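One letter stands for each residue in the lines below.
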Amino acid sequence: MPICDFKKTRARWSFVSKIDTLGSLDFWTLTVSLDSLSPSDTRQLSMDDLLVADTLSMEDYERHSKVLPLAVHEYTHFVDATSTVWGLRHLEMLNKCHDVPVHDEFQFYILKNTYDYIRQIRLPDYYTAVEKNVGSGTPWTSNITSGVMFNADGSVGDRPIIFVRFWNSNKEPIVRSPISLVSLLEASAMEREIDCRAKLLRRLKGDERLVEEKLMTQDVLKYIYNPKLTEYSVCFHLLANLQDEKDLATISIYVGILSRMVLNAPTIAFSTMLKNIGAYANRYKLDDNHPSLRRMKKSIEMNSRGAFFYLICLFLPKYALKNQATFFRSVDASLKQFGLSLDKLRRGACAEMQELKSRLSLSSNQSIRELAKAGLHNFQIVYPNQLSYPLEKLALPPALLGDLTKFNFSKTEENILKDYDLDIGYDNLIPGQIRSENFAEACR
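Worth saying up front: this structure is predicted, and the values here are computed from it rather than measured.

Caption draft 1: Spatial organisation of a negative patch on the surface. On the surface, Glu59, Asp60, Glu62, Asp207 and Glu208 cluster together into a patch of negative charge. Where the negative patch is concerned, the elements lending two or more residues are helix H3 (58–82) and helix H7 (206–224). Residue contributions to the negative patch peak at 3 residues, all from H3. Secondary-structure assignment places Glu62 in helix H3.

Caption draft 2: Local environment of the pairing of strand S4 (residues 141–150). Direction of pairing for S4 relative to strand S5 (residues 156–167): antiparallel, over a ladder of 9 bridges. Bridge pairing in S5 places Thr145 opposite Phe163. Count of turn residues in the S4/S5 antiparallel hairpin: 5 residues, of which Gly154 carries a positive phi of about 95°.

Caption draft 3: Summary view of the sheet that holds strand S7 (residues 399–401). A sheet is described by the order of its strands in space; here 4 strands give the open sequence S1-S2-S7-S8, paired in mixed fashion. Of all strands in the sheet, those with a lone pairing partner are strand S1 (24–25) and strand S8 (406–407), marking the two edges. Of the pairings in the sheet, the one linking S7 to S8 comprises 2 bridges and is antiparallel in character. Within S8, the residue paired with Leu400 across the bridge is Lys406. The strands that H3 touches are S1, strand S2 (32–34), S7 and S8; relative to S2, the one it contacts most, it runs at about 165°.

Caption draft 4: Molecular detail of the layout of surface pockets. If you add up the space inside the largest pocket, you get close to 1100 Å³. For the largest pocket, the lining is made up of 34 residues, of which Asp116, Tyr117, Gln120, Arg159 and Met302 are closest to its centre. Counting residues per element, the lining of the largest pocket draws most heavily on S5, which supplies 6 residues. Looking at side-chain class alone, the lining of the largest pocket contains 17 nonpolar, 10 polar and 7 charged residues.

Caption draft 5: Geometry of the sheet that holds strand S6 (residues 173–178). Sheet architecture is open: 4 strands sit in the order S3-S6-S5-S4, paired in antiparallel fashion. At either margin of the open sheet sits one strand with a lone partner, and together these are strand S3 (129–130) and S4. Pairing of S3 with S6 involves 2 bridges; the strand directions are antiparallel. In the strand pairing of S6, Ala129 is matched with Arg176.

Caption draft 6: Region of interest: the packing of helix H13 (residues 305–314) against helix H14 (residues 324–336). Relative orientation of the contacting elements H13 and H14 amounts to 110°, with a least axis distance of 8 Å. As far as their axial angle goes, H14 and H13 are roughly perpendicular. Along this stretch, H13 crosses H14, giving a crossing that reads as right-handed. Where H13 approaches H14, its residues Phe308, Leu311 and Ile312 are matched on the opposing element by Val331, Ser334 and Leu335. Residue classes in the contact of H13 with H14 are distributed as 5 nonpolar, 1 polar and no charged.

Rules used in this analysis
Residues numbered from 1 in each chain as written. Predicted model: local features only at pLDDT ≥ 70, side-chain atom pairs only at ≥ 80, totals over all residues. Heavy atoms only, no water. Patch = residues over 30% accessible without salt bridge, like charges linked within 9 Å, V, L, I, M, F, W, Y side chains within 5 Å. Areas by Shrake-Rupley, 256 points an atom, 1.4 Å probe, with all protein chains shown as cover. Salt bridge = Lys/Arg side-chain N within 4 Å of Asp/Glu carboxyl O. Lys, Arg positive; Asp, Glu negative; His and termini not counted. Charge placed at Lys NZ, Arg CZ, Asp CG, Glu CD. Helix = DSSP H or I, 4+ residues; strand = E, 2+ residues; numbered from the N terminus. Pairing = 2+ DSSP bridges. Contact = heavy atoms within 4.5 Å. Axes fitted to C-alpha atoms, helices over the stretch in contact; angles between N-to-C directions. 1 Å grid on protein atoms, 1.4 Å probe; cavity = no way out; pocket = protein on both sides within 12 Å on 5 of 7 lines; lining within 4 Å. Points joined across faces, edges and corners; volume = space filled by probe spheres on them. Nonpolar A, V, L, I, M, F, W, Y, C, P; charged D, E, K, R; others polar. Parallel < 35°, antiparallel > 145°, perpendicular 65-115°, else oblique. Left-handed = near helix turned anticlockwise from the far one by under 90°.

If you want it as structure tokens, here you go:
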């Protein structure tokens with residue numbers, strides 16, 4: 001299929017369409033699209049502009065702020081989806097679709113498994129319960145509950161969901177929202193976007209800067225306190241409420257780091273946490289048959305990264321967000337409650353990334369081989385860099401603009417994806433989506 005069909009095939013899987021209205025990452029073809037931008041918008045801009053500190057005129061600031069925060073947001077999604085432990089496992093799921101023999105119906109279940117897996121990156125709207133005719137006045141309070149998902153036939157299943165329930169300033173219930181994979185992905189991307197906007201703001205001077213800072217704060221608060229968007233912002237709320245931290249910039253920094261740490265949690269970390277889940281039971285004095293404990297055990301057994309994120313946050317010492325050194329010591333202390341440590345996470349992640357890259361390097365799909373190679377390359381830059389994303393140094397493919405022209409935001413010669421062909425990539429990866437969709441339609 002030609003890439004001109006991209007917008008049509010992407011539309012069926014727009015996980016973050018409620019918020020990423022100006023651009024997106026397609027999780028099937030891993031195409032970065034910046035629909036609201038044209039070649040005249042992006043001209044002479046690049047990720048290198050994130051390193052510049054020269055003063056901007058208001059006109060230049062408006063052009064930069066239209067392009068760069070959006071590009072940073074969507075490229076963060078790309079890096080998370082290709083250059084983390086979860087990202088290479090995501091690539092492996094896509095690869096399995098392409099390896100299913102056309103005439104071996106006994107392997108077609110792989111197509112349905114991949115379809116279901118990608119569909120659950122963001123949970124259906126049904127699981128986010130927004131109360132009608134209730135104000136969303138701040139401050140909000142929250143607590144954690146749990147439930148289970150329904151099976152495809154409508155029966156009650158055994159797949160757990162960790163929920164956060166929110167109340168407004170009048171102690172009225174506002175919304176119940178799940179902590180899903182998209183919650184972590186959006187927390188990571190939103191933190192990078194906020195950081196980019198702050199860098200651009202520092203390049204303005206005088207009253208213009210003060211006005212724009214106020215507008216930015218209003219935009220972010222509007223996003224975080226929108227009851228309909230809580231599946232995307234829930235990680236911000238969870239960390240802020242557990243740490244009793246009100247400074248938005250502080251929360252943003254550490255929620256970004258923590259979400260990326262969880263996206264890089266190796267498989268062995270989940271089995272270790274499961275063996276030590278008694279720490280959670282002891283904290284709440286739960287017996288072995290308590291529904292909350294059973295669901296938490298099942299969540300960790302199923303490698304739920306949302307549950308992993310919650311447990312780390314839950315066991316963070318107070319004042320963990322005082323500074324970066326304190327934060328990492330606090331995360332290490334939290335992990336040790338479950339027999340883990342930052343060093344164990346790092347070593348496990350490095351080993352698993354190497355193993356995944358080795359398997360994917362044997363793929364018959366050229367684009368998956370290229371993306372896996374770039375993924376390990378990026379991981380080896382990001383992980384030692386306190387899980388920050390120096391996008392100007394990373395391997396990034398060109399982006400697809402609104403008129404379907406391509407633009408490369410990376411100017412570094414070390415960018416091993418600078419010549420990545422979006423047309424070939426789309427042609428190589430879209431068959432997996434089409435086959436999975438067609439077979440899922442047949443499973444009725």
